[in-house]
Amino acid sequence: MPAETAAPALRAASTGLTGQLRGGLDAPICLTWELTYACNLACVHCLSSSGRRDPSELTTAEARAFVDELAAMQVFYVNVGGGEPTVRPDFYDLVRYAVDHGVGVKFSTNGGTMTAERARRLAAMDYVDVQVSVDGARPETNDPVRGDGSFAAATRAMALLADAGFGGFKVSVVVTRLNVGELDDLAALAEGYGAELRLTRLRPSGRGAATWHELHPTAEQQRELHRWLVDRPEVLTGDSFFHLSALGEPLPGLNLCGAGRVVCLVDPVGDVYACPFVMAPEFRAGSVRDAGGFAGVWRHASLFAGLREPSTGGACNACDAFGACQGGCMAAKFHTGLPLDGPDPECVRGHGEAALAALPPGSARLPGPGHSKAAPVSVPVLLGASRR
Ligand code: SF4
Ligand code: SF4
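Bear in mind the structure is a predicted one, so any value in this text is a computation, not a measurement.

Trainee: Explain the environment of Glu196 to me, and be specific about the residues and the numbers.
Mentor: Inspection of the secondary structure assignment puts Glu196 in strand β6 (residues 196-201). Separated by 65 residues in sequence, Glu196 and Gln131 place their C-alpha atoms 9.3 Å apart. Leave out the neighbours within four places in its chain, and Glu196 touches Gly168, Phe169, Lys170, Val171, Ala190 and Leu236. Separated by 3.5 Å, the side chains of Glu196 and Lys170 make a polar contact.

Trainee: Summarise helix α10 (residues 293-300); cite the residues concerned and give the values.
Mentor: Working note: α-helix, 3.6 residues per turn, so residues spaced by three or four point in the same direction. Every buried residue belonging to α10 is among Gly293, Phe294, Ala295, Val297 and Trp298, and all of these are buried. Residues of α10 that are buried make contact with β1 (30-34), α2 (60-72), β7 (263-266), β8 (271-273), β9 (284-287) and α11 (302-308).

Trainee: Can you tell me about the site of ligand 1, naming the residues and giving the values?
Mentor: In the vicinity of ligand 1 there are 11 residues, among which Arg203, Cys257, Cys275, Cys329 and Ala331 approach most closely. Here the shell around ligand 1 is composed, by residue class, of eight nonpolar, one polar and two charged.

Trainee: Before we move on, can you summarise the sheet that holds β7 with the specific residues and values?
Mentor: Strand order in this open sheet of nine strands is β6-β5-β4-β3-β2-β1-β7-β8-β9, and the pairing throughout is mixed. Each having just a single partner strand, β6 and β9 make up the two edges of the open sheet. Here the average twist between neighbouring strands, direction ignored, is 25°. Bridging between β1 and strand β2 (residues 77-81) involves four bridges; their strand directions are parallel. Across the sheet, Leu31 pairs through a bridge with Val78, a residue of β2. The sheet contacts of helix α3 (residues 91-100) involve β2, β3 (104-109) and β4 (128-133), and relative to β3 the element is tilted by about 155°.

Trainee: Got a sec to walk through the pattern of salt bridges? Specific residues and values, please.
Mentor: Evaluation of the coordinates by the stated rule reveals 16 salt bridges. Note that Asp129 and Lys170 form a salt bridge whose closest N and O atoms lie 2.6 Å from each other. Taken as a pair, Asp129 in strand β4 and Lys170 in strand β5 (residues 170-175) lie far apart in primary sequence, 41 residues in all. Accessibility expressed as a relative area gives 14% for Asp129, which makes it buried. A salt bridge links Arg201 to Asp344, with the nearest nitrogen and oxygen atoms 2.6 Å apart. With Arg201 in strand β6 and Asp344 in the loop between α13 (330-336) and α14 (351-358), this residue pair connects regions lying 143 residues apart in the sequence.

Trainee: I'd like a description of the nonpolar core, backed by residues and values.
Mentor: The nonpolar side chains of a soluble globular protein tend to be buried, and buried together. Among the nonpolar cores identified, the biggest contains 87 residues, and Trp33, Val171, Leu199, Phe294 and Phe304 are the most heavily contacted of them. Tallying contributions element by element places α3 first for this core, with seven residues. Apart from residues no more than four positions distant in its own chain, Phe294 is found in contact with Pro28, Leu31, Phe66, Glu69, Leu70, Met73, Cys264, Val266, Val272 and Val288. Listed in part, the eight residues of the second largest apolar core include Trp212, Leu215, Leu338 and Leu356.

Parameters at a glance
- Residues numbered from 1 in each chain as written.
- Chains lettered and ligands numbered in written order.
- Predicted model: local features only at pLDDT ≥ 70, side-chain atom pairs only at ≥ 80, totals over all residues.
- Heavy atoms only, no water.
- Helix = DSSP H or I, 4+ residues; strand = E, 2+ residues; numbered from the N terminus.
- Contact = heavy atoms within 4.5 Å.
- Polar contact = N/O pair within 3.5 Å; in protein donor to acceptor, adjacent residues only side chain to side chain.
- Buried < 20%, exposed > 50% of the residue type's maximum accessible area, 1.4 Å probe, protein only.
- Near = heavy atom within 4 Å.
- Nonpolar A, V, L, I, M, F, W, Y, C, P; charged D, E, K, R; others polar.
- Pairing = 2+ DSSP bridges.
- Axes fitted to C-alpha atoms, helices over the stretch in contact; angles between N-to-C directions.
- Salt bridge = Lys/Arg side-chain N within 4 Å of Asp/Glu carboxyl O.
- Core = buried A, V, L, I, M, F, W, Y, C linked by side-chain atoms within 4.5 Å.

Next comes the structure, spelled out in structure tokens:
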């Protein structure tokens, strides 16, 4: 998951720094690169509706040229995801190439392709970090969302990384209605492998559009999550829960939607979007295959220029929590059909729920099948179901 806004070193950002970041930077702090749509799993909330490779995905030569550009722009690390990036035959060579050219790699994996040899190879590399995804502390919670056997595969990968001496890898969890009650167990799971826990927010994008209404945490669970995070500042969140800061005590981070300012996404075919969670034509800024390459898109795309302009709070302007919450997440609003200058659908003051209820039927943007496999994977999860 994908990552959202802040690099850890910037966590203690001052208002002045936040103001600077709002205006955008010469290069993104946090660039997510989805290397392939191919995936061995079919998670019901997959933000990119992954499953099958796209025949137009960047070739190895194009991927290397993109890394060269990132190195020239002094992008110091890239978040690599997918799909499952490790199923690309050139994956480990591309990681090596990036690291050798001064671009650190943090990649997300479901763990299914990890072997002892690969874990040792990763542990021996500098500037590489691994995020192993699970969505529950036990198979009964995880597998209905990520697929049968996926918990076993992920924990096996964690054990291989720990045995290889890869200290401090990340256990990455999308917080859902099903797993909020397991936060302590998830922290213990990560700790047991010498790893760090990383929590991210569920967005209604990709196949998540069809499952978000059943899976996103309830209002009470959001309060529970906020309290839990306040007590555990060591848990990584990629700044993705800043809308919860409206509950009172602010969470660490920039409290800023970084879309097009410090964050962007490059998809498997090289298209550049403002945010990893909005792969929609309205948020496509260009392509790394364009004449000016990625740098040209990042520096000159009119979409990004617009996002870097000062924005008003719209309907949130009157809210006394606007300074903390900033109206929440643009992606969550976009996919649920809410106005971008209105409240977040998970607004902790309840305004999002009310706004959703007032929408005419059919307002939410339901994506097509994307790169999902032929099997019907985008059916809503039934709460309480033990298996998909
Ligand atoms: S739209 Fe949401 S996910 Fe995307 S950068 Fe903004 S806050 Fe983060
Ligand atoms: S009304 Fe807007 S600013 Fe206030 S808490 Fe809700 S989303 Fe945040």
